[in-house]
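# Working through the structure, step by step
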Amino acid sequence: MEVTARKGMKVFVNVASWMDGWNGSHDMENGNERREREGGVKRLVLFPCPYQGHINPMLQLGSFLHSKGFSITVIHTQFNSPNPSTHPEFTFFPIQDGLTAEEISSGNVLAFLLAINANCKASFRQCLTQVMEQEPDNKITCAIRDDLMYFTEAVAKDLNIPNIMLRTSSVTNVLARTAVPQLHSKGHIPFPGITLHCWIANSQSLNPVPDFHPLRFKDLPTSNFDTFEKYSELVVNAFDVRTASAMVWNTTDCLEQSSLAQIQQQFPVPIFSIGPLHKIEAAASSSLLEEDTSCIAWLLKQSNNSVIYVSLGSVASISEIELAQMAWGLANSKQPFLWVIRPGSVSGSEWIELLPQGFIEAIGEGGCIVKWAPQREVLSHRAMGGFWSHCGWNSTLESLSEGIPMICTPSFGDQKVHSRYVSQVWNVGMHMDNELERGEIERTVRKMMVDADGEVMRVRAKDLKEKIEVSLSNGGSSYNFLNKLVELIMLF
Ligand code: UDP
């Protein structure tokens, strides 16, 4: 049958006519009302990709669906296993992932993802089968899988379980990723024998990507380790929707309307833009590292909009030289800062022992350093004035949702796309284009926190925050798509 999934776009889906009768005005029904109406609990199985930036949105979606009356089972790798005690309402099952210590410590994200997909199929199948046998009356209604965990699709298909794909990055990033093989086939990118990243960095890095305004070649989502063959393997497998009944995105129409329209044309499945997920359900933290809440007491002592928050996420790493440049740039800016330095984020370091001599004394009470922060709480604090970020998609969404302008220093992959969008499309951030250098850092931090440029961005960021709030409120785009998603799952 043909249904209208997004405005003006027809797609074919093989589920009942769940969209035809949709008028967007249904009220969110709570879980108990739904259970009473449906007479029973439907079980959903979630399989997150084992990185912080993927676990968070998957469990946030799980919390939302749990509040609508679904029971939630999370199957996950042993590596980066989520803490079950933070979500006592879910059932957790770890599976053997077969990852070697070398694969885990290499930092080669692409090889790591390919290894999980190669290793986990049999153990995932065994676990799903066991779950079904243990509770035959509690049938699995649907599997929700991270797009990068593509091995799960074939298992779900074999076991006759419908599956939905969750995309935890931006739509624009996925469009850019799928564009890379096309750019190669048209001769814009040469191969093999060189990593994409090196070629892009050294050759035509500032040239615009054809048909992809405002991305330049250097903004394409590539990483140090990518060879064309491996890159294509991941893109082809992860971005093929295959048997997915729907594609769910942690984004919202007001941020990515034109990319959403393009993606709908590329993928003939219903598309649901339901984000930002962290704002939908007051979900418990799913941090893999312990959050140091002492920084909130420090924030309380700071004036409104005065603090720059610095975090490069859960994966990006920096050199000892970059650490020193960041430290002196921040100190010399004379602006209060809250800085997350993850243990190991400088290769071989325990924590802050590699900070330059004299730095801690120089900043005194003017700075607070933690291993891991309660980031959502930090960004919503009244003292927050700017976020110096690597532009992971969650961090970007969390900053935009709180109206906090950004200083962008992306490291690899999708971060580069988001950085470009923050500074050139949403106009709520400044991109530090060059290598981290203390003078440039000092100037950029002051521009953001003291100068008129920063104030203009703060106003724009507040405006965008309001638009995001509208999309999440009754009748807004994300609100409506969430309702539609629940309706779809109820039909399985
Ligand atoms: N985060 C956090 N505390 C920190 C740093 C990060 O809770 O000190 C969270 C942040 O809120 C976000 C996630 O970790 O939800 C990082 O995901 P993102 O997509 O931004 O980046 P990644 O870590 O995947 O590079």
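Please refer to the structure higher up on the page.
Fair warning: this is a prediction, and the values are worked out from it, not measured in the lab.

### Side note on the environment of Pro276
- With respect to the helices, strands and loops of the structure, Pro276 is situated in the loop between strand 9 (271–273) and helix 11 (277–280).
- The spacing of Pro276 and Leu400 is 124 residues in sequence and 9.5 Å in space, taken between C-alpha atoms.
- Contact partners of Pro276, with chain neighbours within four places excluded, come to Asn250, Thr252, Leu397, Ser401, Ile468 and Leu472.

### Things to note about the nonpolar core
- Membership of the largest hydrophobic core comes to 121 residues, with the highest contact counts inside it found for Leu65, Ile144 and Leu338.
- Setting aside chain neighbours within four positions, we find Leu338 in contact with Cys295, Trp298, Leu299, Val307, Ile308, Tyr309, Val310, Cys368, Val370 and Val378.
- In terms of nonpolar packing, the next biggest core, distinct from the first, is built from 29 residues, Ile318, Trp328, Leu436 and Val445 among them.

### Considering the pairing of strand 6 (residues 140–146)
- Most of strand 6 is tucked away, with 7 of its 7 residues classed as buried.
- Bridge count between strand 3 (residues 43–47) and strand 6: 5 bridges; the pairing is parallel. Counterpart to Arg43 in the pairing with strand 6 is Ile140.
- Pairing analysis gives 4 bridges linking strand 6 to strand 7 (residues 163–167), with the strands arranged parallel. When the bridges of strand 7 are listed, Asp146 appears paired with Leu166.
- Between strand 6 and its parallel partner strand 7, the chain crosses via helix 6 (residues 151–158), and the hand of that crossover is right-handed.

### Side note on the sheet that holds strand 9
- An order of 5-4-3-6-7-8-9 is seen for the 7 strands of this open sheet, with the pairing classed as parallel. Each edge of the open sheet carries a strand with a single partner, namely strand 5 (91–95) and strand 9. Taken over all neighbouring pairs, the strand axes of this sheet differ in orientation by 20° on average, direction set aside.
- Taken together, the 3 bridges between strand 8 (residues 246–249) and strand 9 define a ladder with parallel strand orientation. Paired with Trp249 across the two strands is Ser273, which belongs to strand 9.

### Some points on the pattern of salt bridges
- Enumeration according to the criterion identifies 10 salt bridges in this entry.
- Note that Asp147 is salt-bridged to Arg167, the shortest N-O span being 2.9 Å. Here Arg167 lies in strand 7 and Asp147 lies in the loop between strand 6 and helix 6, a separation of 20 residues in the sequence. This pair shows no difference in class: Asp147 is buried, exactly as Arg167 is.
- For Arg216, the salt bridge identified is with Asp219, shortest N-O distance 2.9 Å. Across this residue pair, the class does not change: Arg216 and Asp219 are buried.

Reading guide: rules and limits
Residues numbered from 1 in each chain as written. Predicted model: local features only at pLDDT ≥ 70, side-chain atom pairs only at ≥ 80, totals over all residues. Heavy atoms only, no water. Helix = DSSP H or I, 4+ residues; strand = E, 2+ residues; numbered from the N terminus. Contact = heavy atoms within 4.5 Å. Core = buried A, V, L, I, M, F, W, Y, C linked by side-chain atoms within 4.5 Å. Buried < 20%, exposed > 50% of the residue type's maximum accessible area, 1.4 Å probe, protein only. Pairing = 2+ DSSP bridges. Right-handed = clockwise from strand over helix to strand, strands pointing away. Axes fitted to C-alpha atoms, helices over the stretch in contact; angles between N-to-C directions. Salt bridge = Lys/Arg side-chain N within 4 Å of Asp/Glu carboxyl O.

Without other data, these values stay purely geometric and don't point to any function.
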